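Read off the chains here:
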Amino acid sequence: MTDWIAVCRGAVGEVQRVLEELPTRVEREPVGRRGASGDDTTAVDQAAEDAILACFRDLDVTIVSEEIGRYGDGATLVVVDPIDGSLNAKRGIPFFSLSIAFADGERMGDVFLGYVYDFGTGEEWIGRRGEGATLNGKPLGAVKPKDRIEILSFEATLTSLVAAHAASVEGLAHRLRLMGSLAISLCHLAAGRVDAVCSLKPARSVDIAAAQLLCREVGLPLQLFDDPRAFDEAELDLIGRSRIAAAGTEVLCAELATALST
């Protein structure tokens, strides 16, 4: 049986090598092409994805990744965001991550292992379906988000989106944080560091597939509020996109999604 965690840690080492070889914005941000997700592919995005794909080359996997799209026809579906928070990475802001999810099917509910590595803190977040979630090997879940939203993490934070939606959560959320990595923000929710998370523009499966499992394993609800289906039914591809809300309770999650939908 493949040791997927060992493969993930090998991928972390490869991305760290890329970051050392491309140390500043000058080397990291030149745009080479447009990726399969529709976003511009910068030098650091491409180099990180190439390094990660090499780690999976000889394994029985199908890859869904932000830049290359879908690749291979193996038994295990691997959903990769080589650098979640790539603008932070390009500018040298230490808040970005590697996100890898492993699934035995094509839907969000089929993810059986989620791995997120924070390159700023060196924290390793792991969720295992039916077995809980850990931070650096220690179980999560004892510290829950608050039963009111003291801290709400906004993601996908274009100035225009923040201006359009910040007033919608007045009275529901006390303070805002704008971090820059949806995967890390969801992990912080799983650890009770923030009380709710939302994306102000539609997210893709590569952004959330790994971190959502950590949230669910500690009993936290998530809602794709542009998608009428149950969260479990969302496809693990680059086509489906929806804004996401997550919070400490079902009521708060629904209130947040409703506030941002109006």
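Remember, it's a predicted structure, so these values are computed and weren't measured experimentally. (Residues numbered from 1 in each chain as written. Predicted model: local features only at pLDDT ≥ 70, side-chain atom pairs only at ≥ 80, totals over all residues. Heavy atoms only, no water.)

A. Expanded view of the sheet that holds strand 7 (residues 111–118). Spatially, the eight strands line up as an open sheet ordered 4-3-5-6-7-8-9-10, and their pairing is mixed. The two strands at the open ends of the sheet, each matched to only one other strand, are strand 4 (69–71) and strand 10 (138–139). Pairing between strand 8 (residues 124–128) and strand 9 (residues 132–135): four bridges, direction antiparallel. Within the sheet, the bridge partner assigned to isoleucine 126 lies in strand 9 and is threonine 134. Against the sheet, helix 3 (residues 43–56) contacts strand 3 (61–65), strand 5 (76–84) and strand 6 (97–103), and its axis sits at roughly 150° relative to strand 5. (Pairing = 2+ DSSP bridges. Helix = DSSP H or I, 4+ residues; strand = E, 2+ residues; numbered from the N terminus. Contact = heavy atoms within 4.5 Å. Axes fitted to C-alpha atoms, helices over the stretch in contact; angles between N-to-C directions.)

B. A look at helix 6 (residues 182–190). Across the nine residues that make up helix 6, a large majority, nine, are buried. One or two steps after helix 6, the chain reaches glycine 192, where phi turns positive at roughly 75°. (Buried < 20%, exposed > 50% of the residue type's maximum accessible area, 1.4 Å probe, protein only.)

C. Representation of the environment of alanine 173 within the structure. Its place among the elements puts alanine 173 in strand 12 (residues 173–178). Each C-alpha atom of the pair alanine 173 and alanine 101 lies 30 Å from the other, and the pair is 72 residues apart in sequence. Sequence-distant contacts of alanine 173, that is, excluding residues within four places in its chain, are made with Ile149 and Leu152.

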